[in-house]
Amino acid sequence: MSNDESWDGTVVKKSRAMLDGSSLYRRVKIRTESGQTQKVRVDRALWKELEVGDRIAKEAGADPHRA
């Protein structure tokens, strides 16, 4: 998903990994209202705050946030 998009959905999975061996990436898998699932990269503070089942939203040009 690009930074210009807006969306909202429900967290279905949380994950984190060191894909390049030096940086820890935090992602959540969300299910949008249209039924699609997407992986979204989020910052550490939001990742720690979210749990499976929580609502998450993003407006165009902004970072994802808890809804």
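The structure contained in this document is the topic of the report that follows. (Residues numbered from 1 in each chain as written. Predicted model: local features only at pLDDT ≥ 70, side-chain atom pairs only at ≥ 80, totals over all residues. Heavy atoms only, no water.)

1. So, the overall build of the protein
We apply this condition: A helix here means a DSSP run of H or I that spans at least four residues, while a strand means a run of E at least two residues long, and both kinds are numbered starting from the N terminus. The globule rule used here is 2.2 Å times the number of residues to the 0.38 power, and the radius of gyration it is set against is calculated over C-alpha atoms.
Broken down by element type, the protein carries 1 helix and 5 strands. Counting from the amino terminus, the protein carries its helices and strands in the arrangement β-β-β-α-β-β. A globule of 67 residues ought to have a C-alpha radius of gyration of about 11 Å, and the protein, at 12 Å, matches this closely. Seen along its three principal axes, the alpha-carbon backbone of the protein occupies a region of about 35 × 25 × 20 Å.

2. Description of the packing of aromatic side chains
Here is the rule we go by: Centres within 6.5 Å make a pair out of two Phe, Tyr or Trp rings, where for Trp the six-membered ring is used; the pair is then stacked when the planes are under 30 degrees apart, edge-to-face when over 60, and tilted otherwise. Lysine and arginine charges are scored as sitting over a ring when NZ or CZ, respectively, is within 6 Å of the ring centre and within 35 degrees of the ring normal.
According to the stated counting rule, one finds 0 aromatic pairs in the structure shown. Between K14 and the ring centre of W47, over which it is positioned, the NZ or CZ distance is 4.2 Å.

3. Observations regarding the environment of T32
Condition: Burial classes follow relative accessibility: with a 1.4 Å probe on protein chains only, a residue under 20% of its type's maximum area counts as buried, one over 50% as exposed, and anything between as partly exposed. The definition of a polar contact used here is a pair of N or O atoms within 3.5 Å, where within protein one atom must be able to donate a hydrogen and the other to accept one, and adjacent residues in sequence count solely through side-chain atom pairs.
Its location among the elements puts T32 in strand β2 (residues 25-32). With relative accessibility at 12%, the residue T32 sits in the buried group. As for T32 and W47, which are separated by 15 residues in sequence, their C-alpha atoms are 18 Å apart. A distance of 3.0 Å separates polar atoms of two side chains, one belonging to T32 and the other to S34.

4. A word on a positive patch on the surface
Spelled out, the test is: Candidates for patches are residues over 30% relative accessible area with no salt bridge; among them, like charges are joined within 9 Å and nonpolar side chains (Val, Leu, Ile, Met, Phe, Trp, Tyr) within 5 Å. With residues, only the protein chains shown are counted as cover, and all accessible areas are computed by Shrake-Rupley using a 1.4 Å probe. The working definition used for a salt bridge is a side-chain nitrogen of Lys or Arg within 4 Å of a carboxyl oxygen of Asp or Glu. Charged-residue counts in this description rest on Lys and Arg as positive and Asp and Glu as negative, His and the chain ends being excluded. Every charge is mapped onto a representative atom, which is NZ of Lys, CZ of Arg, CG of Asp or CD of Glu.
Taken together, K13, K29, R31 and K39 make up a surface patch of like positive charges. For K13, the location among the structural elements is in strand β1 (residues 7-17).

5. Topic: the nonpolar core
For clarity, the threshold we go by: Here, nonpolar core refers to any group of buried Ala, Val, Leu, Ile, Met, Phe, Trp, Tyr and Cys residues whose side-chain atoms link them within 4.5 Å. Contacts are assigned to residue pairs that have any heavy atoms within 4.5 Å of one another.
Counting residues in each nonpolar core, the largest one holds 10 residues, listed as W7, V11, V28, I30, V40, V42, L46, W47, L50 and I56. Mapped onto this core, the elements with two or more residues apiece are β1, β2 and α1 (44-49). Contacts of V42, omitting those with residues within four sequence positions, involve R26, V28, W47, I56 and P64.

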